[in-house]
Amino acid sequence: MNWKTKLGMSAAISAMLISAGCGSKDTAGSAGSEKTYQVGVTQIVEHPSLDAALEGFKKALDEKGLKVDYDVQIAGGDQNNSQTIASNFVGDDVDLIFANSTPSALSALNATKDIPIVFTSVTDPIGAGLVKSFEEPGANITGTTDTHPEAIPSTVKFIDENVEGNKIGMIYNSGEQNSAAQIDLVKKAIKGTDLEIVESSVSTSAEVKQAAEALVGKVDSFYIITDNTVVSALESVISVAGAEDIPLFVGELDSVARGGFAAYGFDYSDIGYEAGLKAAEILTGDKEANEIPVDFPQKLKLQISKKAAEAMNVEINEDWEDAEIID
């Protein structure tokens, strides 16, 4: 084979490689559009509201056409476990961390300043130190909060106008920053009324029933805010409220479905879904986490359980025409 033949073959092969390279790039681009993203899900405990938020999050990403592998980790109410979960996600170099609760989000932000974090089920993201403001969250984090600004004032107003007696029993975990923030909001809301709060603090879900029983005879109603420790053991409070004819107000619609009497709330799947839309923008490269504002729930409604009303000996008033009465 002479040098001219070799040169001709070499040029032909080079052209083929260039063509193949171009074809490979297009294929990579096509494959890139079908990339499977790795999302680490950290959740402080399992209970219906948080679980619904996770399902809403997944639904949003699915509807956006993204392929996602989820690594779902539950901390069992233990902050140390939550921190370990977040650190493991960083070690795995996941594409995004979905933090479902305040403790989970705090652990994630403590573990990484590089991997984007999207949170939901967080009551006070500014007070918790997660974001600088709703409009400009800063850092590598954004999400949705589970506190509608009118939820607690509306609940307090309803109790004041419709419940005989003025003492409200509140059971919560003082170690949860989101709970402390809500207690402060309730205290602010009762100013100008004759309502009083009787507090009982717990550390674990195993203490919830005893705390509820200890409040019997001291309170005229229960109000369980969106405290993860207490909500995960809500049936304990429901049983005491039913046995003692004490109306039980709750902070979320899922807790009404479980046996609470009434709540001004929203569907947690909605805030999970909104968080999922934010995650989709981040994963596809449309926006950075710090460019996406934090949102609060848009739909707030009063829901009352007829079954719980009967169990707690509460008469449903026809004047509550704005309420959604469920069986």
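Above this text you will find the structure in question.
What counts as what
Residues numbered from 1 in each chain as written. Predicted model: local features only at pLDDT ≥ 70, side-chain atom pairs only at ≥ 80, totals over all residues. Heavy atoms only, no water. Axes fitted to C-alpha atoms, helices over the stretch in contact; angles between N-to-C directions. Helix = DSSP H or I, 4+ residues; strand = E, 2+ residues; numbered from the N terminus. Parallel < 35°, antiparallel > 145°, perpendicular 65-115°, else oblique. Left-handed = near helix turned anticlockwise from the far one by under 90°. Contact = heavy atoms within 4.5 Å. Nonpolar A, V, L, I, M, F, W, Y, C, P; charged D, E, K, R; others polar. Buried < 20%, exposed > 50% of the residue type's maximum accessible area, 1.4 Å probe, protein only. Pairing = 2+ DSSP bridges. Core = buried A, V, L, I, M, F, W, Y, C linked by side-chain atoms within 4.5 Å. Lys, Arg positive; Asp, Glu negative; His and termini not counted. Salt bridge = Lys/Arg side-chain N within 4 Å of Asp/Glu carboxyl O. Polar contact = N/O pair within 3.5 Å; in protein donor to acceptor, adjacent residues only side chain to side chain. Phe/Tyr/Trp six-rings, centres within 6.5 Å; stacked < 30°, edge-to-face > 60°.

## Some thoughts on the packing of helix H7 (residues 208-215) against helix H9 (residues 234-244)
Packed helices, taken two at a time, are described by their axes: the angle between them and the distance between them.
So, step 1. In the contact formed by H7 and H9, the axes pass within 8 Å of each other and the chain directions differ by 25 degrees. As judged from the angle between their axes, H7 and H9 are roughly parallel. Crossing of H7 against H9: the hand is right-handed. When H7 is examined against H9, the residues Val208, Lys209, Ala212 and Glu213 are found in contact with a partner set consisting of Ser236, Val237, Ser239 and Val240.
So, step 2. Of the residues assigned to the contact of H7 with H9, the class counts are four nonpolar, two polar and two charged.

## Examining helix H4 (residues 102-111)
Three or four residues apart is the spacing at which side chains of an α-helix point the same way, because the helix has 3.6 residues per turn.
So, step 1. The element H4 is largely enclosed, with a buried count of seven among its ten residues.
So, step 2. Of all the positions in H4, only Thr102, Pro103, Ser104, Ala105, Ser107, Ala108 and Leu109 are classed as buried.

## Regarding the sheet that holds strand E4 (residues 117-122)
So, step 1. A sheet is described by the order of its strands in space; here five strands give the open sequence E2-E1-E3-E4-E5, paired in parallel fashion. Strand pairing shows two members of the sheet lacking a second neighbour, strand E2 (67-74) and strand E5 (141-145), which therefore form its edges. Strand-to-strand twist of the sheet, defined as the mean angle between neighbouring strand axes without regard to direction, takes the value 20 degrees.
So, step 2. The pairing of strand E3 (residues 96-100) with E4 spans four bridges and is classified as parallel. Across the sheet, residue Asn100 finds its bridge partner in E4, namely Thr120.
So, step 3. Each of strand E1 (36-43), E3, E4 and E5 touches helix H11 (residues 268-283); the most contacted strand, E4, lies at about 170 degrees to it.

## Remarks on the nonpolar core
So, step 1. In terms of nonpolar packing, the biggest core is built from 47 residues, with Ile171, Phe222, Ile224, Val237, Leu248 and Phe261 touching the most fellow members.
So, step 2. Once residues lying within four places of it in the same chain are set aside, the contact partners of Phe222 are Gly169, Ala212, Leu215, Val237, Val240, Ala241, Ile246, Pro247, Leu248 and Phe249.
So, step 3. Among the nonpolar cores identified, the runner-up in size contains 21 residues, and Val45, Ala75, Ile97 and Leu109 belong to it.

## Re the packing of helix H3 (residues 79-92) against H4
So, step 1. Contact pair H3 / H4: the axes reach a minimum separation of 8 Å and the direction vectors enclose 45 degrees. Comparing their axes, H4 and H3 come out oblique. Considering only the axes of H3 and H4, their crossing is right-handed. On H4, the residues touching Gln79, Ser82, Gln83, Ala86, Ser87 and Val90 of H3 are Pro103, Ser104, Ser107, Ala108, Asn110 and Ala111.
So, step 2. Taken together, the residues of the contact of H3 with H4 sort by class into five nonpolar, seven polar and no charged.

## Details of the side chain of Asp146
So, step 1. Tracing the backbone through its elements, the reader meets Asp146 in the loop between E5 and helix H5 (151-162).
So, step 2. One buried charged side chain, Asp146, makes no salt bridge at all; its nearest oppositely charged neighbour is Arg258, positioned 12 Å away.
So, step 3. Separated by 2.9 Å, the side chains of Asp146 and Tyr268 make a polar contact.
So, step 4. Sequence-distant contacts of Asp146, defined by excluding residues within four places in its chain, comprise Ser121, Val122, Thr123, Thr226, Phe266, Tyr268, Ile271 and Pro297.

## Quick notes on the packing of aromatic side chains
So, step 1. Applying the stated criterion across every chain, the model contains seven aromatic pairs.
So, step 2. Note on Phe57 and Phe98: the rings are 3.8 Å apart at their centroids and 5 degrees apart in plane angle, and the pair reads as stacked. In this pair, Phe57 sits in helix H2 (residues 48-63) while Phe98 sits in strand E3, placing the two residues 41 residues apart along the sequence.
So, step 3. The exposure class of Phe98 is buried, given its relative accessible area of 0%.
So, step 4. Relative to Phe249, the ring of Phe158 has its centre 5.9 Å away and its plane inclined at 65 degrees; by these criteria the two rings are edge-to-face. Residue Phe158 is located in helix H5, and its partner Phe249 is located in strand E9 (residues 248-250); the two are separated by 91 residues in the primary sequence.

## Considerations on unusual backbone geometry
So, step 1. Look at Asp245: it is not a glycine, yet its phi comes out positive at around 55 degrees.
So, step 2. Exposure remark for Asp245: the relative accessible area of 41% places this residue in the partly exposed category.
So, step 3. One non-glycine residue, Asn313, adopts positive backbone phi at about 60 degrees.
So, step 4. If you trace the backbone, Asn313 turns up in the loop between helix H12 (306-311) and strand E12 (324-326).

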